[in-house]
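These are the residues of each chain, in order.
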Amino acid sequence: EDQVTQSPEALRLQEGESSSLNCSYTVSGLRGLFWYRQDPGKGPEFLFTLYSAGEEKEKERLKATLTKKESFLHITAPKPEDSATYLCAVQASGGSNYKLTFGKGTLLTVNP
Amino acid sequence: SQTIHQWPATLVQPVGSPLSLECTVEGTSNPNLYWYRQAAGRGLQLLFYSVGIGQISSEVPQNLSASRPQDRQFILSSKKLLLSDSGFYLCACRGNWYGYTFGSGTRLTVV
């Protein structure tokens, strides 16, 4: 069974204080690893897809990296508007259902 | 690009009442569609998925059911709601890439 564990559960940062979120996973063959951002009361918003170990993706203050066992979401000089829950999900290779298995998320709060 | 419409945004229903949540998709054809539930303190739990009209796969045994009467319509239903059915329900669509686009969700409170 595919599993995703995210840590920490919650993270509080000061504006400008860089940090990283962790996503550890076990999957029977990885098709892709996905990062989403979710604001309160809204649906998740897509951030990145990573497909193979060593791959990196960047978007503004966010950078996602991938190894064979985990992924990191690095946040550089965060701003209060980066406050949200960040979700990690994996998709196993093979089959046509393309199911995503999600972690419980990391609630990030950035104080001004 | 795909757009997912979900309604209603919020719903308060008594225990034992029926439920019908609807999701429609624009901007794609023959998509894979998914229903997820997000409960407090828990991650997104996959409930049902559909790879085509009339094709429904259930991931979690429960008193919910799903139907796909049209290519871009996905419905989540229950005949009798339980307190444990409360949560945030999200419809998602897989388009031309491996990830999903999500709808805005329905907050269901069973009282």
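Scroll up a little and you will see the structure.
What you see is a predicted model, and the numbers here were worked out from it, not measured in a lab.

**Observations regarding the pairing of strand 7 (residues 62-66) of chain A**
All names here are of chain A.
Then step 1. Burial of strand 7 is extensive: four of the five residues sit out of reach of the surface.
Then step 2. Bridging between strand 6 (residues 56-59) and strand 7 involves four bridges; their strand directions are antiparallel. Bridging across to strand 7, Glu-56 finds its partner in Thr-65.
Then step 3. The hairpin turn running from strand 6 into strand 7, its antiparallel successor, is two residues long, and Glu-60 in that turn takes a positive phi close to 55 degrees.
Then step 4. Direction of pairing for strand 7 relative to strand 8 (residues 70-75): antiparallel, over a ladder of five bridges. Residue pairing in the sheet places Thr-65 in a bridge with Phe-72 of strand 8.
Then step 5. Here strand 7 folds back onto strand 8 in antiparallel fashion, the turn holding three residues.

**So, the pattern of salt bridges**
Residue and element names in this part refer to chain A.
Then step 1. What the rule picks out here adds up to seven salt bridges over all chains.
Then step 2. Among the salt bridges present, the one from Asp-39 reaches Arg-37, with a minimum N-O distance of 3.0 Å.
Then step 3. On the basis of relative accessibility, which here comes to 16%, the residue Arg-37 falls in the buried class.
Then step 4. The salt bridge partner of Lys-57 is Glu-55, with a shortest N-O separation of 3.5 Å.
Then step 5. With a relative accessible area of 29%, Lys-57 lands in the partly exposed category.
Then step 6. Classification of Glu-55 as buried rests on a relative accessible area of 18%.

Criteria and thresholds
Counting restarts for each chain: residues are numbered from 1 in the order of the written sequence. Throughout, the order in which chains and ligands are written sets their labels, letters from A for the former and numbers from 1 for the latter. In keeping with the model being predicted, local features are shown solely for residues with a pLDDT of at least 70 and side-chain atom pairs are shown and tallied solely at 80 or more, while totals for entire chains, interfaces and linings include all residues. Side-chain calculation: all heavy atoms of the structure are included, whereas hydrogens and water are not. Throughout, exposure labels follow a simple rule: accessible area from a 1.4 Å probe, protein chains only, divided by the maximum for the residue type, with under 20% read as buried, over 50% as exposed, and the rest as partly exposed. The secondary structure listing takes helices from DSSP runs of H or I that are at least 4 residues long and strands from runs of E that are at least 2 residues long, numbered from the N terminus. The criterion for strand pairing is that DSSP finds at least two bridges linking the strands in question. Salt bridge, as used here, is a side-chain nitrogen of Lys or Arg placed within 4 Å of a carboxyl oxygen of Asp or Glu.

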